[in-house]
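# Working through the structure, step by step
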Amino acid sequence: MSNITQGQFDYYSKEAMDACALAVLPEESMFWAGYLRGLRFALTGESFGNAEEKRLWTFISGDVYREARRKGYRAGCSGMSVKNVKLTVQMEEWKIETSRRLKLGITEKEPD
């Protein structure tokens, strides 16, 4: 049983490939590569890859590129849309920045 339909897969794949083409940093490209692989798993379920491969992609770590692929893979496996992935990433970045500012005692946004 799949998490997404073929139509969703086609739509999300095109959006992810566009996002990958626009990526500025190498880890962004790695994220979208992982996402596309996870998306294939979301469409086909256990018939795509095997348990060992899924385990490796789910828990891969070691450097910033592998971490980006892992995060992308997990997002793709969930069947999350590209729009929601981008919103989630923005929220994570906001939380990190807010935490950093609080630790430094900065309570107001600095002027641009």
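Conventions we followed
- Residue positions are given per chain, counted from 1 along the sequence in the order it is written.
- Only residues with pLDDT of at least 70 get local features here, since the model is predicted, and only at 80 or more are side-chain atom pairs given and counted; chain-wide, interface and lining totals rely on the full set of residues.
- Calculation of side-chain values draws on the structure's entire complement of heavy atoms; hydrogens and water are dropped beforehand.
- For Phe, Tyr and Trp, rings pair up if their centres lie within 6.5 Å, where Trp contributes its six-membered ring, and each pair is then called stacked (planes under 30 degrees apart), edge-to-face (over 60) or tilted (otherwise).
- Numbering of helices and strands starts at the N terminus; helices are DSSP runs of H or I of at least 4 residues and strands are runs of E of at least 2.
- Salt bridge, as used here: a side-chain nitrogen of Lys or Arg that lies within 4 Å of a carboxyl oxygen of Asp or Glu.
- Exposure is judged per residue with a 1.4 Å probe applied to protein chains only, and the accessible area is read against the type maximum: over 50% gives exposed, under 20% gives buried, and values in between give partly exposed.
- To get an axis, fit a line to the C-alpha atoms, keeping to the stretch in contact for a helix; angles then go from 0 to 180 degrees between the N-to-C directions.
- We call two directions roughly parallel when the angle between them is under 35 degrees, roughly antiparallel when it is over 145, roughly perpendicular when it lies between 65 and 115, and oblique otherwise.
- In this scheme the handedness of a crossing depends on how the near helix is turned from the far one: anticlockwise by less than a right angle means left-handed, clockwise means right-handed.
- Any two residues whose heavy atoms approach within 4.5 Å at even a single point are treated as in contact.
- Under the scheme applied here, ten amino acids are nonpolar (Ala, Val, Leu, Ile, Met, Phe, Trp, Tyr, Cys and Pro), four are charged (Asp, Glu, Lys and Arg), and all others, including Gly, are polar.
- Counting rule for disulfides: a pair of cysteine sulfur atoms within 2.5 Å.
- In this analysis, the expected span of each helix is defined as 1.5 Å times one less than the number of residues it contains.
- Polar contacts, as used here, are pairs of N or O atoms within 3.5 Å; protein pairs need one atom able to donate a hydrogen and one able to accept it. Residues neighboring in sequence count only if both atoms are side-chain atoms.

A full pass over the atoms with the stated rule returns three aromatic pairs. Taking 5.3 Å as the distance between ring centres and 80 degrees as the angle between the ring planes, the aromatic pair formed by Trp32 and Tyr35 counts as edge-to-face. Within this pair, Trp32 and its partner Tyr35 are both found in helix α2 (residues 26-44), separated by three residues, close to a single helical turn. Of the aromatic side chains, those joined through ring pairs into one cluster are Phe31, Trp32 and Tyr35.

Moving on: the pattern of salt bridges. In the structure shown here, the tally under the stated rule is three salt bridges. Put simply, Lys14 and Asp18 hold a salt bridge, and the shortest N to O gap is 2.9 Å. Placement of the pair is Lys14 and Asp18 together in helix α1 (residues 6-22), with a separation of four residues, close to one helical turn. Here Asp18 falls in the partly exposed class, since its relative accessible area comes to 38%.

Take the packing of α2 against helix α5 (residues 82-104) next. Following both chains from N to C, one finds α2 and α5 inclined at 135 degrees, their axes separated by 13 Å at the closest point. Considered as vectors, α2 and α5 are oriented oblique to each other. You can see that α2 and α5 cross each other, and the crossing is right-handed. On the side of α2, the interface is formed by Phe31, Trp32 and Tyr35, while α5 contributes Val82, Val85 and Lys86. Residue composition of the contact of α2 with α5, by class: five nonpolar, no polar and one charged.

Between α2 and helix α4 (residues 64-77), the least distance of the axes is 6 Å, while the angle of their chain directions is 35 degrees. For the element pair α2 and α4, the recorded crossing hand is right-handed. Side by side, α2 and α4 meet where Pro26, Glu27, Met30, Phe31, Gly34, Tyr35, Arg37, Gly38, Leu39, Phe41 and Ala42 of the first sit next to Val64, Tyr65, Ala68, Arg69, Lys71, Gly72, Tyr73, Ala75, Gly76 and Cys77 of the second. Classifying every residue of the contact of α2 with α4 gives 13 nonpolar, four polar and four charged.

Right, let's talk about the side chain of Arg70 for a bit. Looking at where Arg70 falls in the secondary structure, it is placed in helix α4. With residues near it in sequence (within four places) discarded, Arg70 still touches Trp57, Thr58, Phe59 and Ile60.

Okay, the state of the cysteines next. For the coordinates displayed, the defined rule picks out zero disulfides. Between Cys77, a cysteine without a disulfide, and Cys20, which holds the nearest cysteine sulfur, the sulfur-to-sulfur distance is 17 Å. Its relative accessible area of 11% is what places Cys77 among the buried residues.

Right, let's talk about α4 for a bit. Its 14 residues give α4 an end-to-end C-alpha distance of 20 Å, which sits within 8% of 20 Å, the value for a rise of 1.5 Å per residue. Listed as buried for α4 are Ala68, Arg70, Gly72, Tyr73, Ala75, Gly76 and Cys77. Tucked inside the fold, the buried residues of α4 contact α2, α3 (51-59) and α5. Among the residues of α4, the N-terminal cap falls to Asp63, whose side-chain oxygen and the backbone nitrogen of Tyr65 are separated by 3.0 Å. Positive phi appears at Gly79, one or two residues downstream of α4, with a value of about 80 degrees.

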